[in-house]
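For reference, the chains in residue letters:
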Amino acid sequence: MMYGWHDGGWGIFWMIVSWGVIAALVWIALRALSRNDDRREGPGDPKDILAERFAKGEIEPQEYHERLRLLEEHRSPTSHP
């Protein structure tokens, strides 16, 4: 009498199901981890982004000050308590 994977074909079926479950769990875990990384690295504060662009020389001082003024004028009251 034989036991194991050759026992009527059910052993192969359960092996495939087991590997499928393991692969699904790994996929779910990796996906959850990548979503957490995306949330932490959000777009950032607009003033910080503007200052960074100015520091890199991407925008001129006049443009920097004008955009900073616009950001301060149109700042949402809900964004700052």
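Everything discussed here concerns the structure shown above.
Throughout this document, residue positions are counted from 1 along each chain, in the order its sequence is written. Reporting of local features is limited, given that this is a predicted model, to residues whose pLDDT is at least 70; pairs of side-chain atoms are given and counted only at 80 or more, and all residues count toward the totals for whole chains, interfaces and linings. Note that water and hydrogens are dropped before the side-chain values are worked out from all heavy atoms of the structure.

Draft legend 1. Focus on the overall build of the protein chain. The helix and strand inventory of the protein chain stands at 3 helices and 0 strands. Listing every helix and strand of the protein chain by position from the N terminus yields α-α-α. Each accessible area is a Shrake-Rupley estimate made with a 1.4 Å probe; only the visible protein chains count as cover when residues are assessed. Carbon and sulfur atoms form 62% of the exposed surface of the protein chain, whose accessible area is close to 7,400 Å². Numbering of helices and strands runs from the N terminus, with a helix taken as a DSSP run of H or I at least four residues long and a strand as a DSSP run of E at least two residues long.

Draft legend 2. Just the packing of aromatic side chains, in detail. Here a pair means two rings of Phe, Tyr or Trp (six-membered ring of Trp) with centres within 6.5 Å. Their orientation is stacked below 30 degrees between planes, edge-to-face above 60, and tilted elsewhere. Across all of its chains, the model carries 2 aromatic pairs by this definition. Centroid distance Phe13 to Trp14: 4.9 Å. Interplanar angle 70°. Geometry classified as edge-to-face. With centroids separated by 4.6 Å and ring planes inclined at 20°, the aromatic side chains of Phe54 and Tyr64 adopt a geometry described as stacked. In this pair, Phe54 is assigned in helix H2 (residues 46-56) and Tyr64 in helix H3 (residues 61-73), connecting sequence segments 10 residues apart.

Draft legend 3. Main features of a nonpolar patch on the surface. On the surface, Ile12, Met15, Ile16, Trp19, Ile22, Val26, Leu30 and Leu33 cluster together into a nonpolar patch covering about 810 Å² of accessible area. Note that Ile16 resides in helix H1 (residues 10-40). Note on patches: the residues involved have over 30% relative accessible area and no salt bridge, like charges join within 9 Å, and the nonpolar side chains Val, Leu, Ile, Met, Phe, Trp and Tyr join within 5 Å. Salt bridge criterion: a side-chain nitrogen from Lys or Arg within 4 Å of a carboxyl oxygen from Asp or Glu.

Draft legend 4. Structural context of the pattern of salt bridges. Going through the model one piece at a time under the given rule, you end up with 6 salt bridges. Two residues, Lys47 and Glu72, come together in a salt bridge whose shortest N-O distance is 3.8 Å. Placement of Lys47 in helix H2 and of Glu72 in helix H3 is noted, with a sequence separation of 25 residues between them. A 1.4 Å probe rolled over the protein chains alone gives each residue an accessible area, and that area as a share of the maximum for its type sets the label: buried under 20%, exposed over 50%, partly exposed in between. Residue classification places Glu72 among the partly exposed positions, given a relative accessible area of 43%. With a shortest N-O distance of 2.5 Å, Arg69 and Glu66 are connected by a salt bridge. With a gap of 3 residues between them, Arg69 and Glu66 both fall in helix H3, about one helical turn apart. On the basis of relative accessible area, Arg69 is assigned to the partly exposed category, the value being 36%.

Draft legend 5. Geometry of the packing of H2 against H3. An axis is simply a line fitted to the C-alpha atoms; with a helix, the fit covers only the stretch in contact. Between two such axes, the angle follows the N-to-C directions and lies from 0 to 180 degrees. For the pair H2 and H3, the least separation of the axes is 10 Å and the interaxial angle reads 180°. When the axis of H2 is compared with that of H3, the two are roughly antiparallel. Residues Pro46, Lys47, Leu50, Ala51, Arg53 and Phe54 of H2 lie in contact with H3, whose contacting residues are Pro61, Tyr64, Arg67, Leu68, Leu71 and Glu72. Of the residues contributing to the contact of H2 with H3, the split by class is 8 nonpolar, no polar and 4 charged. The scheme is simple: roughly parallel for angles under 35 degrees, roughly antiparallel for over 145, roughly perpendicular for 65 to 115, oblique for anything else. What makes two residues a contact is simply this: any of their non-hydrogen atoms within 4.5 Å. Residues are grouped as follows: Ala, Val, Leu, Ile, Met, Phe, Trp, Tyr, Cys and Pro are nonpolar; Asp, Glu, Lys and Arg are charged; all remaining types, including Gly, are polar.

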